[in-house]
Amino acid sequence: MDLSQLDSQEREELARRVMDWFAGHARDLPWRHDRTPYRVWVSEMMLQQTQAATVARYYQRFLARFPTIEALAAAPLEEVLKLWEGLGYYRRARHLHQAARQLIAANDGRLPAEYDALKSLPGVGTYTAGAIGSIAFGQRVAAVDGNVRRVLCRVLSIDDDVTRSATRRRLEGIATTLLPDQDAGTFNEALIELGATVCTSRNPTCQLCPVADLCGARAANEQEALPVRRPRGKRPHYDVAAAVTIGADGAILVAKRRLDDMLGGLWEFPGGKCEDGESLPVCLMREMEEELGVTVGVGSPLTVVEHAYTHFSITLHAFCCRLIGGQPCCLDCADFRWVFPSDLDELPMSAADRRIAQVLVRKGEHRGTDP
Ligand code: SF4
């Protein structure tokens, strides 16, 4: 079925049914209370690539610490990253902070209401601008995320590859055509909610769906086949070595990643990716020279952490090291610091480095001395 096969009454009927269903079935999520543009913006940034249940754990804590754009802009980036720790995709936190500072400097600390102005903010793409514009400002614009794409492909039996930008643009056009004249924000939220809770990727509960009798995929029993996605290539895997360099007083040398790097602004146990044919200790010695200008002696293995990112996975090998030459300086990092294991918790770290820090603290506690 194509949208052109639905007449205007049927389109209105579809929108009305989804909104009626939403009125009775919307989950009670923290960002659905006490709405302000700022709160909608924070929630939509957090919800990018992340499920609502996970965001709920972070959202209220973040809003309690940064209740306004002014409070967010005034905070050091490191504090913002610390509150974001564990939520992943840290670029979102950097963008939120950067945009808050821009808005204070150039827009009286207010979010713009217009779609194009929203889209010009760091980290705000087509979906997020549509969501903020419609939900916070009542603009009649679509907000098409993966949930909406799934629902539309199934209802309208669209079998184009949804990873292609042409398909995405087509679906945005369809979603715009379906928008009601009033309350586009509620319609967008309703469609997203339907995809998140009923029209799920696996085992959609069609018997609970308000548009089941209009749905092409259900009629053809091909719900699981839609939407169509080009198969992903194999995710590359890397071995990475990390140095836990212990000073004479028991403090540990940590480095802050450069802002323009992946995980920028987070603290880490310095090190890096093994090159072809390189052993882990040789890799660590090279990385410490390149990153901090020091020579280290590589001692016993501390722990091994497996971690998967969106586009690759790593095995992170942490070794106890000691400084045998040079004084640390930032050759390829944003900052460095000597920190006692008990203070590592105050620094924002990625999930993989946090696991190393936890092992370090546990071993230190167990022995009552350095690890
Ligand atoms: S009927 Fe099933 S496949 Fe179709 S939109 Fe509803 S939940 Fe999704």
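Owing to the predicted nature of the structure, the values given are computational and were not obtained by experimental measurement.

J.: Honestly, the overall build of the protein in this entry has me stumped. Any pointers?
T.: Per the secondary structure count, the protein includes 14 helices and 7 strands. Taken over the C-alpha atoms alone, the protein extends approximately 75 × 50 × 35 Å along its principal axes. Summarising the internal contacts of the protein: among those between residues at least 6 apart in sequence, 68% fall at separations of at least 24.

J.: Honestly, the nonpolar core in this entry has me stumped. Any pointers?
T.: Across soluble globular proteins, nonpolar side chains show a tendency to be buried alongside one another. In this structure, Leu152, Ala242, Ala243, Val244 and Leu284 are the most contacted members of the largest nonpolar core, which totals 102 residues. When residues are assigned to domains, this core turns out to be shared by domain 1 (3-225) and domain 2 (237-367), each giving three or more. With sequence-adjacent residues up to four places away left out, Ala243 is seen in contact with Phe269, Pro270, Gly271, Leu284, Met288, Val296, Phe319 and Cys321.

J.: What should I look at first to understand the site of the ligand in this one?
T.: As a structural note, the neighbourhood of the ligand is formed by 14 residues, with Cys199, Pro204, Cys206, Cys209 and Cys215 the closest of them. Only helix H9 (146-155) and helix H12 (216-219) provide two or more residues apiece to the shell around the ligand. If you tally residues by element for the shell around the ligand, the top one is H9, at 3 residues. Of the residues assigned to the shell around the ligand, the class counts are 11 nonpolar, 1 polar and 2 charged.

J.: Just to check I follow, could you spell out the packing of helix H2 (residues 37-47) against helix H3 (residues 52-65) for this structure?
T.: Axes are the key here: two packed helices are described by the angle between their axes and the distance separating the axes. Close contact between H2 and H3 brings their axes to 10 Å; oriented N to C, the two are set at 140°. On the basis of their axis angle, the class for H2 and H3 is oblique. The crossing of H2 and H3 is right-handed. Within the contact between the two elements, H2 uses Arg39, Val42, Ser43, Met46 and Leu47 and H3 uses Ala52, Val55, Tyr58, Tyr59, Phe62 and Leu63. Grouping the amino acids of the contact of H2 with H3 by side-chain chemistry returns 9 nonpolar, 1 polar and 1 charged.

J.: Looking at this model, I keep getting lost on unusual backbone geometry. Mind explaining?
T.: Leave glycine aside and you will find that most residues have negative phi; peptide bonds, for their part, are mostly trans. Put simply, Leu226 and Pro227 share a cis peptide bond, and its omega is 0°. Of note in this structure, Asp183 is not a glycine but carries a positive phi near 65°. With respect to the secondary-structure elements, Asp183 resides in the loop between helix H10 (165-178) and helix H11 (184-197). Among the residues examined, Asp183 registers 16 C-beta atoms within 10 Å and is labelled partly exposed. For Asn203, which is not glycine, the phi dihedral falls at a positive 50°. Note on placement: Asn203 falls in the loop between H11 and H12. Residue Asn203 is classed as exposed on the basis of its 8 C-beta neighbours within 10 Å.

J.: Any chance you could explain the packing of helix H1 (residues 8-25) against H11 here in plain terms?
T.: Between H1 and H11, whose axes approach to 9 Å, the crossing angle comes to 75°. The orientation of H1 with respect to H11, classified from their angle, is roughly perpendicular. Mapping the contact onto sequence places Ala15, Val18, Met19, Trp21 and Phe22 in H1 and Thr186, Phe187, Glu189, Ala190, Leu191, Glu193 and Leu194 in H11. The class makeup of the residues in the contact of H1 with H11 is 9 nonpolar, 1 polar and 2 charged.

J.: Sorry if this is basic, but what is going on with helix H8 (residues 126-137) here?
T.: A turn of α-helix holds 3.6 residues, and therefore any two residues three or four places apart point the same way. With 12 residues, H8 should cover 16 Å at 1.5 Å per step; its first-to-last C-alpha distance of 16 Å lies within 8% of that length. Within H8, 10 of the 12 residues are buried, which leaves it mostly tucked inside the rest of the structure. If you check which residues of H8 are buried, you get Tyr127, Thr128, Ala129, Gly130, Ala131, Ile132, Gly133, Ser134, Ile135 and Ala136. For H8, the elements touching its buried residues are H2, helix H7 (115-119) and H11.

J.: How do you make sense of the pairing of strand E6 (residues 313-325) when you look at a structure like this?
T.: Note on strand geometry: in a regular strand, side chains alternate between the two faces of the sheet. Relative to E6, strand E1 (residues 237-246) runs parallel, the two being bridged by 9 bridges. Paired with Asp239 across the bridge in E6 is Thr315. Bridge analysis of strand E5 (residues 295-308) against E6 gives 11 bridges, and the strand direction is antiparallel. Among the inter-strand pairings, Val304 is bridged to a residue of E6, identified as His317. The hairpin turn running from E5 into E6, its antiparallel successor, is 4 residues long.

J.: Hey, could you run me through the environment of His95 in this one?
T.: With respect to the secondary-structure elements, His95 resides in helix H6 (residues 91-106). In this structure His95 comes out as partly exposed when scored by C-beta crowding, with 18 C-beta atoms within 10 Å. For the pair His95 and Cys209, spaced 114 residues apart in sequence, the C-alpha to C-alpha distance is 37 Å. Excluding residues within four positions of it along the chain, His95 makes contact with Pro122 and Gly123.

J.: How do you make sense of the confidence of the model for the protein when you look at a structure like this?
T.: Close reading of the predicted structure is inappropriate where its pLDDT is low. Summarising the model, the protein shows a mean pLDDT of 93, and 96% of its residues fall at 70 or more. Across the protein, the element-wise mean pLDDT spans from 85 in helix H14 (residues 351-367) up to 98 in helix H4 (residues 69-74).

J.: Honestly, the domain arrangement of the protein in this entry has me stumped. Any pointers?
T.: A common way to report how large an interface is uses the accessible area buried once the components associate. Per the domain assignment, the segments making up the protein are domain 1 (3-225) and domain 2 (237-367). Between the C-alpha centres of domain 1 and domain 2 the distance comes to 37 Å. Between domain 1 and domain 2, the contact holds 8 residues from the first and 8 residues from the second. A per-element tally of the side of domain 1 that touches domain 2 places helix H5 (residues 77-84) first, with 4 residues. Split into classes, the residues belonging to the side of domain 1 that touches domain 2 amount to 3 nonpolar, 1 polar and 4 charged.

Calculation rules
- Residues numbered from 1 in each chain as written.
- Predicted model: local features only at pLDDT ≥ 70, side-chain atom pairs only at ≥ 80, totals over all residues.
- Helix = DSSP H or I, 4+ residues; strand = E, 2+ residues; numbered from the N terminus.
- Contact = placed C-beta atoms within 7 Å.
- Core = buried A, V, L, I, M, F, W, Y, C linked by C-beta atoms within 7 Å.
- Buried ≥ 20, exposed ≤ 12 C-beta atoms within 10 Å, placed from the backbone.
- Domains from an automatic or database assignment.
- Near = placed C-beta within 6 Å.
- Nonpolar A, V, L, I, M, F, W, Y, C, P; charged D, E, K, R; others polar.
- Axes fitted to C-alpha atoms, helices over the stretch in contact; angles between N-to-C directions.
- Parallel < 35°, antiparallel > 145°, perpendicular 65-115°, else oblique.
- Left-handed = near helix turned anticlockwise from the far one by under 90°.
- Expected span 1.5 Å × (residues − 1).
- Pairing = 2+ DSSP bridges.
- pLDDT = per-residue confidence, 0-100.

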